Amino acid sequence: DKLQVQRKVLAVKRNFELKTTLVKASSRPPLSGSRLKRGPDQMKEALEPAKKRTRGLGAVTKIDTSRSKGPLLSSLSQPQGPTAAQKGPKKTGPRGCTARQKTSAAFLLLTCASSVSMVAGKRPGKRPDWDLKGQLCDLTEELKCYREKTQKLDQENQGLQEQLKEAQEQAAALGTERNTLEGELASVRTQAEQCQQKLEALCARVLELEEWLGTKENLIQELQKEQLELQEERKALATRLEEQERRLQASEAALLSNESEVVCLRQKTAAQVTLLAEQGDRLHGLEMERRRLHNQLQELKGNIRVFCRVRPVLAGEPTPSPGFLLFPHGPAGPSDPPTRLSLSRSDDRRSTLTRAPAPTTRHDFSFDRVFPPGSKQEEVFEEISMLVQSALDGYPVCIFAYGQTGSGKTFTMEGRPGGDPQLEGLIPRAMRHLFSVAQEMSGQGWTYSFVASYVEIYNETVRDLLATGTRKGQGECEIRRARPGSEELTVTNARYVPVSCEREVEALLHLAHQNRAVARTAQNERSSRSHSVFQLQISGEHAARGLQCVAPLNLVDLAGSERLDPGLTLGPGERDRLRETQSINSSLSTLGLVIMALSNKESHVPYRNSKLTYLLQNSLGGSAKMLMFVNISPLEENVSESLNSLRFASKVNQCVIGTAQANKK
């Protein structure tokens, strides 16, 4: 392509030079003679030397023509007749002479006059004035010469005019040709400019193509290198392929030898599948038997159980006297967990009257389990873990923490904030246990879901402890039936949050701890002034066998159970605390009445006398399992409140509700 473009450019340049040469040639005169370039004025100038020559002759033969001008003119005009007749008809003037003849005659007259004057001026050879005939002969000869010259000049003039006409025609043709050539030259120049532009574009394109070619050459070099690398890699792969083929042949040989083993293994697998199905059925039967025996064990322990826990003495508190709290060993000795508690109390009224040492009264209490002050949170949860398992098996479970303010109820249920695993309470430990067991049960075909809620009952008003942002105070929470004809209860305007891991439960506990109603009391700087109820709705399903179980787990932190002092004078700010205490004691009394009514199999159970018992009624009846923690203080100054709590727990411990039934479908 590049060579063709260069050839086209050279051809255009040659054509342009050829046309330029033609235009220059057309601008030159067509003839080499100078006469073709002369006009009429130039011809007169050319005749001037002849006149001068004639004047020279006239100086020799000067004739006085002053007397005979008229005859001379007439004689000069006569010979013109034949010459004019020879040239054909011409346009004549008023006297019958043509313009050309008049011009020739005048020219001859002037010439003769000048010749005569020149001849007369020289004087030598002058004819005398009387020799008119001689003068006339001289003039006649001279006129004859001039006529011959005039005839020659006329012929020469005619030839020149014909040449001039031809030259003018040739000049017109050349002008036309010049205009044509100029037009062609303009078009050739335009084409040359276009060709120059195309040439520049082609040069730029050539540079671009050269650059592209260089890039392609570099790419080709890289590809060649890559090709060499690929060839080497292909050789290596070919070597590996050969090795793999050898190994494949060996594997095929081994495969042929193993096919018989595969057939045997398939038979064994089929037998194992059958056995696995049988084992699955057996495992399911064993799981059902485990649940039955577990429930039977819990019933033997009692569907209403009471645990007593004594908190340790805190820093800054007085150390109790020896023998104030005793924990007698069980029947099996020190290895047997304690189940009894002995509390000593001196009668200050009798010592004041008799002025004798006050006698000491010992109060003995027996519970399902007693936890001394040194008991750990892990030890406490280990004792109730079987009860939490019952909730996963489909039995309603309710665990209370009862006691006076500052006895460790909240620590038992929630633990101490700070992230120490050793100080976690029953709620986070129970959730961890449920999530772990649910994960294990998934291998047996069970799937579980958990929905949590956290409310408090303050002055017989239900409040949502999980409310956030604009949900706080949006509407009053009421206890309602979930559906018409359903025994399930729900709290309106309360959040029910699905949970699946411990971190989500920790966030809920932290939020509830911030929202719970607390106040400063005489027993505790920050006392819980409401009942907090953590409810976990557990739903389990075995899709393969069409089994379902639904049960609630209630973990309740009751408000402090302090008695009122009738002689205490209260100010305006303490009246609110008084109303709180009255409401708390009323709800705790109702709880005791409900448990007694259930134990006595009474027809009417006063659930509706308190929002607490109304909310927990499905977890307090005969199909539920209940556990009460009675928390007491180790200080002697709180012995009165400790005795009241222990006596209330003893009454509850003597109650027997009945056989629990799982909520299965």
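Residues numbered from 1 in each chain as written. Predicted model: local features only at pLDDT ≥ 70, side-chain atom pairs only at ≥ 80, totals over all residues. Heavy atoms only, no water.

In the annotation of an unreviewed UniProt entry, the chain is listed under the name Kinesin-like protein and assigned to Cricetulus griseus. As its UniProt record puts it under Subunit (unreviewed entry), the chain is described as follows: "Binds NUBP1 and NUBP2. Interacts with PPP1R42." Recorded in UniProt under Function (unreviewed entry), the annotation for the chain is "Minus end-directed microtubule-dependent motor required for bipolar spindle formation. May contribute to movement of early endocytic vesicles. Regulates cilium formation and structure." (UniProt positions renumbered as here; feature names shortened; annotations may be inferred.)

Draft legend 1. Highlighting the nonpolar core. Membership of the largest hydrophobic core comes to 51 residues, with the highest contact counts inside it found for Phe 400, Leu 620 and Met 628. Looking at this core, the element that brings in the most residues is helix H12 (residues 572–599), giving seven residues. Core analysis: the next-biggest nonpolar cluster, separate from the first, contains 44 residues, Ile 384, Ala 401, Leu 465 and Leu 511 among them. (Core = buried A, V, L, I, M, F, W, Y, C linked by side-chain atoms within 4.5 Å. Buried < 20%, exposed > 50% of the residue type's maximum accessible area, 1.4 Å probe, protein only. Helix = DSSP H or I, 4+ residues; strand = E, 2+ residues; numbered from the N terminus.)

Draft legend 2. Structural view of helix H8 (residues 377–392). Relative to the 22 Å expected for 16 residues at 1.5 Å per residue, H8 spans 22 Å between its end C-alpha atoms, a close match to the ideal helical length. Its axis deflected by about 45 degrees at Ile 384, H8 carries its strongest bend there. Taken together, the buried positions of H8 are Gln 377, Val 380, Phe 381, Ile 384, Ser 385, Leu 387, Val 388, Gln 389, Ser 390, Ala 391 and Leu 392. Phi for Gly 394, located one or two positions after H8, is positive at around 110 degrees. (Expected span 1.5 Å × (residues − 1). Bend = angle between axes of the 7 residues up to and from the residue.)

Draft legend 3. Spotlight on the sheet that holds strand S3 (residues 340–346). Taking strand neighbours across the sheet as the criterion, the three strands line up as S2-S3-S4 in an open arrangement whose pairing is antiparallel. Two strands in the sheet have a free side with no partner beyond their single neighbour: strand S2 (325–326) and strand S4 (360–366). (Pairing = 2+ DSSP bridges.)

Draft legend 4. View of the packing of aromatic side chains. Scanning all chains against the criterion turns up eight aromatic pairs. Judged by centre distance (5.6 Å) and plane angle (80 degrees), the rings of Phe 307 and Phe 629 are edge-to-face. Taken together, the positions of Phe 307 in strand S1 (residues 304–310) and Phe 629 in strand S16 (residues 625–632) put the pair 322 residues apart, joining distant regions of the chain. The exposure classification of Phe 307 matches that of Phe 629, with both residues buried. Stacked on the ring of Tyr 395, the Lys or Arg Lys 625 has its end atom at 5.1 Å from the ring centre. (Phe/Tyr/Trp six-rings, centres within 6.5 Å; stacked < 30°, edge-to-face > 60°. Lys NZ or Arg CZ within 6 Å of the ring centre and 35° of its normal.)

Draft legend 5. Highlighting the confidence of the model for the chain. When pLDDT is averaged along the chain, the result is 77, and 72% of the positions lie at 70 or above. Per-residue pLDDT stays below 50 along residues 46–99; that stretch engages in 77 contacts with residues further than four places along the chain or on separate chains. (pLDDT = per-residue confidence, 0-100. Contact = heavy atoms within 4.5 Å.)

Draft legend 6. Region of interest: the pattern of salt bridges. Applying the stated criterion across every chain, the model contains 11 salt bridges. The residue Arg 369 makes a salt bridge to Glu 383 at a minimum N-O spacing of 2.9 Å. Here Glu 383 lies in helix H8 and Arg 369 lies in strand S5 (residues 369–371), a separation of 14 residues in the sequence. For Arg 369, a relative accessible area of 8% gives the class buried. Classification of Glu 383 as partly exposed rests on a relative accessible area of 24%. Linking Glu 456 and Arg 463 is a salt bridge whose minimum nitrogen-to-oxygen distance equals 2.9 Å. (Salt bridge = Lys/Arg side-chain N within 4 Å of Asp/Glu carboxyl O.)

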